[in-house]
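Each chain, written out:
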Amino acid sequence: PEDAPWWRRALARLEGAVTVRPTGEVAGKSTPAVVARIEAALARGELEAALREAETLPPRAAVAAAEWLERARARQAALAAVDALETAVTAEGGR
């Protein structure tokens, strides 16, 4: 309110500028919980686990994440292709 002390008004503005969200292996189906688990999987280098978590995003969040999901799936496919190529080259080198 306008009649609040200056420091309360300043604090209210700062609180509005800061977003607190969960991190790590957070339980639940909410968007913040799913995003926290996606980030945790990515921090561990587990793209496949992150994509599995992303499949559980609520519809609006999935739409917002569509571009990231597309790029992550493309990366997953590229990594699989590299693995297949390494396997083929290793098998050919043994002949």
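Thresholds applied
Residues numbered from 1 in each chain as written. Predicted model: local features only at pLDDT ≥ 70, side-chain atom pairs only at ≥ 80, totals over all residues. Heavy atoms only, no water. Helix = DSSP H or I, 4+ residues; strand = E, 2+ residues; numbered from the N terminus. Rg over C-alpha atoms; globule rule 2.2 N^0.38 Å. Buried < 20%, exposed > 50% of the residue type's maximum accessible area, 1.4 Å probe, protein only. Contact = heavy atoms within 4.5 Å. Areas by Shrake-Rupley, 256 points an atom, 1.4 Å probe, with all protein chains shown as cover. Polar contact = N/O pair within 3.5 Å; in protein donor to acceptor, adjacent residues only side chain to side chain. Axes fitted to C-alpha atoms, helices over the stretch in contact; angles between N-to-C directions. Parallel < 35°, antiparallel > 145°, perpendicular 65-115°, else oblique. Nonpolar A, V, L, I, M, F, W, Y, C, P; charged D, E, K, R; others polar.

Student: Give me the overall build of the protein: which residues, what numbers.
Tutor: Across its full length, the protein holds 5 helices and 0 strands. Along the chain direction, N to C, the helices and strands of the protein fall in the order α-α-α-α-α. The C-alpha radius of gyration computed for the protein amounts to 21 Å, which surpasses the reference 12 Å derived for 95 residues by more than 25%, pointing to a less compact arrangement than a globule. If you line up the protein on its principal axes, its C-alpha atoms span 85 × 25 × 25 Å. Looking at the 95 residues of the protein, the share that counts as buried comes to 19%. Partitioning the intrachain contacts of the protein with sequence separation of at least 6 by distance along the chain shows that 22% fall at a separation of at least 24. Carbon together with sulfur atoms contributes 60% to the accessible area of the protein, which is approximately 7,400 Å² in total.

Student: Outline the environment of Thr90, supporting the account with residue identities and numerical values.
Tutor: As for its placement among the helices and strands, Thr90 is situated in helix H5 (residues 66-93). By relative accessible area, Thr90 is classed as exposed at 59%. Among the polar contacts listed, one links the side chain of Thr90 to the backbone oxygen of Glu86, at a separation of 2.7 Å.

Student: How would you explain the packing of helix H2 (residues 31-43) against helix H3 (residues 47-54) if you had to name every residue and give the values?
Tutor: Running from amino to carboxyl end, H2 crosses H3 at an angle of 170°, the nearest separation of the two axes being 7 Å. Viewed along their axes, H2 and H3 adopt a mutual orientation that is roughly antiparallel. Facing Val34, Arg37, Ile38, Ala41 and Leu42 of H2, the residues of H3 in contact are Leu47, Ala49, Ala50, Glu53 and Ala54. Split into classes, the residues belonging to the contact of H2 with H3 amount to 8 nonpolar, no polar and 2 charged.

Taken by themselves, the reported measurements are silent on function.
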